[in-house]
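Listed below are the residues making up each chain.
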Amino acid sequence: MREQIITSLLDTDLYKFTMQQAMLHQYPNTDVVAKFKCRSSIDLTALLPELRQQIEALAGLTFKQDEIRYLKQLPYLKPDFVDFLATFKLQAHYINVGIEDNQLAVTVAGPWVQVTHFEIFLLAIISELYSRRYYSTVSIDEGRQRLYQKIKQIKQAQPDSGRLGFKLVDFGTRRRFSRNWHYEVVDVLKHELPDFFVGTSNVYLAREMDIAPIGTMAHEWIQAHQGLDVRLVDSQKAALEAWVKEYRGELGIALTDTISMQAFLRDFDRYLAKVFDGLRHDSGDPILWGEQALAHYKALDIDPKSKQLVFSDGLNITQALNIYQHFKGQTQTSFGVGTHLSHDLGVPAINMVLKLVECNGQPVAKLSDSPGKVMCHDETFVTYLKQVFAVAA
């Protein structure tokens, strides 16, 4: 095996820890299945032998004592959960990797508290293995030139900083060109954009660079509740209320598009709208979504300036600045930019995901607000879910 790609269990997104804590406390005996999907028309099968080696290496990792001390400093992580992490190891036998229909196939099945942590690691490993194999001659200088052009673009736009100003967050772990390039990007952003760069989703980089780790929940949190012991029609609201029970007002950014924005807003009543700090956009038209969010807050007699809208759907810097200008002065905004920062070296990144498809033996689905992002292996359940939540076909 060439160089090990994941060398620390902190080298993942914060929301993996925040969700895992809630899983451990509220759903410790829940089993799930997650499946890999490559949306790009590329062949990943040649990566299989080394992918297996990287998974075995990943399963050998544990949290170091200094990493545990760092996690204990995060106020929303509870002592019993950090103690759990002190002895935590990923188990490779929960993963099945192979080739199906001439495509790379990855399935992760087992306890939810295990399965959740494989997602970011596996995607980052596949992305870097692909880079090593097919883009080994790519010049990092090209990436640096592109990165500094983005920095120049932000500085020339002269957005406001502060509470209602422009805030940029790195969301680049899962589709990064390489671990080393990701580190350099975040380091440069920290030093070049101190007024606008506010943190990273990657916990390892946050610790290394003394910047804020940022994240709350992912689609899997809401998806899984479709297979838990609640009525399907109540599942989304149950997921949000379980989050409030766990965090009591902390980590208050809710993800809106697991079923659809319209279905979400029907469940997002005055209580939830007041207790959550804001919302995250991850599919569909961002301007339309933001206008719907502001209208919803106003209808509930909540000042939109007291809330935050987080935009994170495949953004580039131009899009982020345009969205910021549209909502400037109306609400707090921040922009999670991933691939456009961590994999912009003149070669295409892989569009891939690892999503839940089952919970406790029941199908679960992500419908999204964008065509082509639906993920479920049971079309009958997708149809039923749309009927229950009154989502247009």
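Everything here concerns the structure above.
Residues numbered from 1 in each chain as written. Predicted model: local features only at pLDDT ≥ 70, side-chain atom pairs only at ≥ 80, totals over all residues. Heavy atoms only, no water.

Caption draft 1: Focus on unusual backbone geometry. One non-glycine residue, Asp210, lies in positive phi territory at about 55°. Along the polypeptide, Asp210 turns up in the loop between helix H8 (203-209) and helix H9 (219-224). Positioned with a positive phi, Asn360 is a non-glycine residue whose angle comes to about 50°. As for its position among the elements, Asn360 is in the loop between strand S10 (352-359) and strand S11 (362-363). In this structure Asn360 comes out as partly exposed when scored by relative accessible area, which is 38%. (Helix = DSSP H or I, 4+ residues; strand = E, 2+ residues; numbered from the N terminus. Buried < 20%, exposed > 50% of the residue type's maximum accessible area, 1.4 Å probe, protein only.)

Caption draft 2: Broad picture of the sheet that holds strand S5 (residues 197-200). In spatial order, the strands read S5-S4-S9-S8-S7-S6; together these 6 strands make up an open sheet with parallel pairing. Bordering the open sheet on either side are S5 and strand S6 (253-255), each of which pairs with just one other strand. Taken over all neighbouring pairs, the strand axes of this sheet differ in orientation by 25° on average, direction set aside. Of the strand pairs in this sheet, S6 and strand S7 (residues 278-281) are connected by 3 bridges, and their pairing is parallel. Counterpart to Ala254 in the pairing with S7 is Leu279. (Pairing = 2+ DSSP bridges. Axes fitted to C-alpha atoms, helices over the stretch in contact; angles between N-to-C directions.)

Caption draft 3: Fine view of the pairing of strand S3 (residues 103-111). Sheet topology places strand S1 (residues 31-38) next to S3; 5 bridges connect them, and they run antiparallel. Counterpart to Val32 in the pairing with S3 is Gly110. Sheet topology note: the strand S2 (residues 95-100)/S3 ladder contains 6 bridges and is antiparallel. Counted as the bridge partner of Glu100 is Gln103 from S3. Where S2 folds back on S3, the antiparallel hairpin that results is connected by 2 residues, among which Asp101 adopts a positive phi of roughly 55°.

Caption draft 4: Representation of the packing of helix H6 (residues 140-157) against helix H14 (residues 317-327). Here H6 crosses H14 at 20°, and the two axes come no closer than 10 Å. Relative to H14, H6 is oriented roughly parallel. Handedness of the crossing formed by H6 with H14: right-handed. Here Lys150, Gln153, Ile154 and Ala157 of H6 lie close against H14, whose contacting residues are Ile317, Thr318 and Leu321. (Parallel < 35°, antiparallel > 145°, perpendicular 65-115°, else oblique. Left-handed = near helix turned anticlockwise from the far one by under 90°. Contact = heavy atoms within 4.5 Å.)

Caption draft 5: Representation of the state of the cysteines in the model. Per the counting criterion, the structure on display carries 0 disulfides. Free cysteine Cys38: the closest other cysteine sulfur is in Cys376, separated by 19 Å. A residue is classified by how much of its surface remains accessible, and Cys38, at 22% relative accessible area, is partly exposed. Take Cys376: it sits in no disulfide, and the sulfur closest to it among the cysteines is that of Cys359, at 12 Å. (Disulfide = S-S within 2.5 Å.)

Caption draft 6: Seen up close, the pattern of salt bridges. What the rule picks out here adds up to 20 salt bridges. In this structure, the salt-bridge partner of Arg144 is Asp141, at a minimum N-O distance of 2.9 Å. Taken together, the residues Arg144 and Asp141, both in helix H6 and 3 residues apart, mark about one turn of the helix. Judged by relative accessible area, which is 33%, Arg144 ranks as partly exposed. The shortest N-O distance in the salt bridge between Asp234 and Arg231 comes to 2.8 Å. Overall, the relative accessible area of 31% leaves Asp234 in the partly exposed class. Residues joined by salt bridges that share partners form a network here, namely Lys16, Glu119, Arg174 and Glu220. (Salt bridge = Lys/Arg side-chain N within 4 Å of Asp/Glu carboxyl O.)

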